Each structure stands twice: as C-alpha cells, then as structure tokens.
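Structural characterization, general
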Amino acid sequence: MLDGKANHLTSLPAKLLLTILMVGFLLGEALLWKTMHLADGRPALSVRDLQISFTGGYDNQLENKIYGTMRPYLPSVKALDEIHEWIVHGATKSEFDHSIMPILKNSCMGCHRHGGKASFRPLTNYEQLLEMVNHPPAPSLPEQLNFTKIHIVTIGLLLFVISYLFFQADVPCWCKYLLSATAYGGLLIDFASWWAMHWSLEFAYGRALGHALLALSTLSMGIITLIKSGRHPSQAVS
Ligand code: HEC
C-alpha cells in the first residue's frame, strides 16, 4: 500500500457519488441538446441554434416575448394577432390607442407597472411599448440574471466535487490543474459570451467554445477518475 494510506477513491460511496454526478451532467447536456438543436430546423446543434435561442427567432423584443414567455398572459390568439398586425403596420399611435391599449390594460399592466411584478419594464403607454418594438430581441435582464445565478452556482459546485475527486486520483499534477482550470474557464467563457450576445450575436461562437471546453474537460475528469479509482494505489506505482 502507498505510504500506508488508503485511497479515498477506492471507497464505494465516492465512486457512487461520482457516477451519479456524471450521469446528472450527461442528462443536463442531453436536455440542452434537446431544447436547442431544432431551433434552425436541422438536427445538429449549431451556432445558429444558439443565436435563435437567444433572439427567439424574432425581429424585436415585443414579438419575442408575446410568442414566448408572455404568451400565457394573452387572453386569445386574436389578441396575439392584433399586436402582431400593429407591429407589422408600423406600430402607430392611433392603432395603439384603438386596439392595443385595452389588451395592455387587461393582460399586461397588472405586472408591467410601477410596483408590479415586472416593474423593471413598465408598459403603460405608447412610448414604452414602442421601445420594445425597437429593442433587439434578447432574454430580459431578470430572466438572464436568474439563469446565470442558478447555473454558475450549480455547475460550479458540481465541478468542485468532480475536481476534488479527480485531484485524489493518481494522475500527474499538471493534468489535474489543466483539466479543472479548463472546466471552470469554459464555464466562465460560456456565460460571459451569453451576456456579450446582447452586443453581438457573433459571441455565440464563444458560447460554443466555452461549453465545449467545459463539457470535454468535465467528462475527461470523471472518466479518468473512475478508471483510476478501479485500481489499488499500490498498482499505480510503477
Ligand atoms: C404575471 C406577471 C406578468 C404579466 C401579466 C405579463 N408579464 Fe411581461 N414580464 C414579466 C416578467 C417577470 C418578465 C421578465 C422575465 C421574462 O422576460 O420572461 C417579463 C418580461 C416582459 C418583456 C421583456 C422586457 C425586457 O426588458 O426585456 C416584455 C416585452 C413583456 N414582458 C411583455 C408583456 C406583455 C405584452 C404582456 C401582456 C400580454 C405581459 N408582458 C404580461 C411578467 C409579466
């Protein structure tokens, strides 16, 4: 036995924990692929899929939201069509007063007003709604902040445990630092690029690169640890 010490990784709970975390990670990746890969109509996951998921495939923020997360608040398809027609026909003030204001009052202002759930974006008059028509489509700030917070914390913790177990495995030091730093670096590049997509959709390439680095290094750490943990420490010494 090496220095008379027991290898933590030969313990069943550590192997089980790592296996469960790796299965969870792979399921997360499969879910990501499933929700995004058909955005451009083609089966392979591409940078275009990432761009369409960001903009919803719409030209402006109002359409992105009324056909997306705000859809359940509209009372009917007719109301949806009315807003769409209003945008297509130039988003005029007279048409707004006639047919859009009643929809906003009944279906949107409960939240989109001072003191409402969506007070960050009041939609109580023509100018405020027009701003959304002229705004490029993107996830809204609270939505993106929430998603970033949840993912940085959960993936960060997952990486911490996988890296910790990986650091106990019998692999050269440089390999340990390289793979765990690549995984954390990939996570940061992925999310930083997602935010930078507000500036230019070309940053979708950064997302793809960051995510690939994160996924490949995490998988490598998990697989190497599981393979190495199958061996008794004394076998690892040549
Ligand atoms: C129950 C509360 C609620 C109602 C009702 C509601 N919204 Fe929202 N809205 C939100 C929240 C919360 C967000 C931020 C999260 C998101 O974008 O999904 C939001 C985001 C938006 C945004 C994006 C704002 C931005 O700054 O990017 C638009 C546009 C929008 N809503 C339009 C509407 C319209 C039009 C209606 C009415 C048909 C409506 N909303 C009804 C809560 C609501």
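Residues numbered from 1 in each chain as written. Predicted model: local features only at pLDDT ≥ 70, side-chain atom pairs only at ≥ 80, totals over all residues.

1. Thoughts on the overall build of the chain
Scanning the chain from N- to C-terminus turns up 10 helices and zero strands. Expected size for 238 residues packed as a compact globule is a radius of gyration near 18 Å; at 24 Å, the chain overshoots this value by more than 25%. Overall, the C-alpha framework of the chain stretches about 85 × 35 × 25 Å when taken along its three principal axes. When contacts within the chain are restricted to residue pairs at least 6 apart in sequence, those whose partners lie at least 24 apart make up 61%. (Helix = DSSP H or I, 4+ residues; strand = E, 2+ residues; numbered from the N terminus. Rg over C-alpha atoms; globule rule 2.2 N^0.38 Å. Contact = placed C-beta atoms within 7 Å.)

2. Digging into the site of the ligand
Around the ligand lies a shell of 21 residues, among which T69, C108, C111, A118 and S140 are the nearest. Broken down by secondary-structure element, the contributors of at least two residues to the shell around the ligand are α3 (61-66), α5 (93-108) and α7 (141-168). With four residues, α3 is the largest single contributor of residues to the shell around the ligand. Shared between two domains, the shell around the ligand holds at least three residues of each, these being domain 1 (2-54 + 139-236) and domain 2 (59-133). (Near = placed C-beta within 6 Å. Domains from an automatic or database assignment.)

3. With respect to the nonpolar core
Generally speaking, a soluble globular protein has its nonpolar side chains buried in company with each other. Counting residues in hydrophobic clusters, the biggest one holds 19 residues, and the most contacted among them are L159, I162, F166, A183, L187, M197 and M221. Elements supplying a minimum of two residues to this core: α2 (47-55), α7, α8 (173-196) and α9 (204-229). Discounting residues that sit within four places of it in the chain, M221 has contacts with I162, S163, F166, L179, S180 and A183. Judged by nonpolar contacts, the second largest core, of nine residues, contains I66, I83, W86 and I103. (Core = buried A, V, L, I, M, F, W, Y, C linked by C-beta atoms within 7 Å. Buried ≥ 20, exposed ≤ 12 C-beta atoms within 10 Å, placed from the backbone.)

4. Some points on the domain arrangement of the chain
You'll often see interface size given as the accessible area lost when the parts meet. For the chain, the assigned domains are domain 1 (2-54 + 139-236) and domain 2 (59-133). Distance from the C-alpha centre of domain 1 to the C-alpha centre of domain 2: 39 Å.

5. Digging into the environment of G116
The residue G116 is located in the loop between α5 and α6 (126-133) in this model. For G116, a count of 16 C-beta atoms within 10 Å puts it in the partly exposed group. Spatially, the C-alpha atom of G116 lies 34 Å from that of G28, the residues being 88 residues apart in sequence. Once residues lying within four places of it in the same chain are set aside, the contact partners of G116 are G110 and C111.

6. With respect to unusual backbone geometry
Even without being glycine, A91 reaches a positive phi, approximately 50 degrees. Along the chain, the position of A91 falls in the loop between α4 (77-88) and α5. Look at A91 and you get partly exposed, because 19 C-beta atoms sit within 10 Å.

7. With respect to the packing of α8 against α9
How two helices pack is summed up by the angle between their axes together with the distance between the axes. Contact geometry for α8 and α9: axes closest at 7 Å, N-to-C directions at 155 degrees. The angle between the axes of α8 and α9 places the two elements in the roughly antiparallel class. Where α8 crosses over α9, the handedness of that crossing is left-handed. Residues L179, S180, T182, A183, G185, G186, L187, I189, D190, S193, W194 and A196 of α8 touch α9, and the partners they reach there are G206, R207, L209, G210, H211, L213, L214, S217, T218, S220 and M221. Per-class residue counts for the contact of α8 with α9 are 10 nonpolar, 11 polar and two charged. (Axes fitted to C-alpha atoms, helices over the stretch in contact; angles between N-to-C directions. Parallel < 35°, antiparallel > 145°, perpendicular 65-115°, else oblique. Left-handed = near helix turned anticlockwise from the far one by under 90°. Nonpolar A, V, L, I, M, F, W, Y, C, P; charged D, E, K, R; others polar.)

8. Some details on the packing of α2 against α9
As a packed pair, α2 and α9 sit with axes 9 Å apart at the nearest point and diverge in direction by 115 degrees. Crossing angle aside, the handedness with which α2 passes α9 is right-handed. The residues of α9 that touch α2, namely those facing V47, L50 and Q51, are A204, Y205, R207 and A208. Of the residues assigned to the contact of α2 with α9, the class counts are five nonpolar, one polar and one charged.

9. Focus on the environment of T218
With respect to the element layout, T218 can be found in helix α9. Using a count of 28 C-beta atoms within 10 Å as the deciding quantity, one classes T218 as buried. As for T218 and I103, which are separated by 115 residues in sequence, their C-alpha atoms are 48 Å apart.

10. Re α2
All buried positions along α2 are accounted for by D49, L50, I52, S53 and F54. Next to the buried residues of α2 lie α1 (12-36) and α9. Looking one or two residues beyond α2, the residue adopting positive phi is G56, at roughly 75 degrees.

11. Re the confidence of the model for the chain
Scored by pLDDT, the chain comes out at a mean of 91, with 92% of its residues at no less than 70. By mean pLDDT, helix α10 (residues 233-236) is the weakest element of the chain at 47, and α6 is the strongest at 98. Overall, residues 233-238 carries pLDDT values under 50, and its contacts beyond four positions in sequence, including any with other chains, amount to nine contacts. (pLDDT = per-residue confidence, 0-100.)

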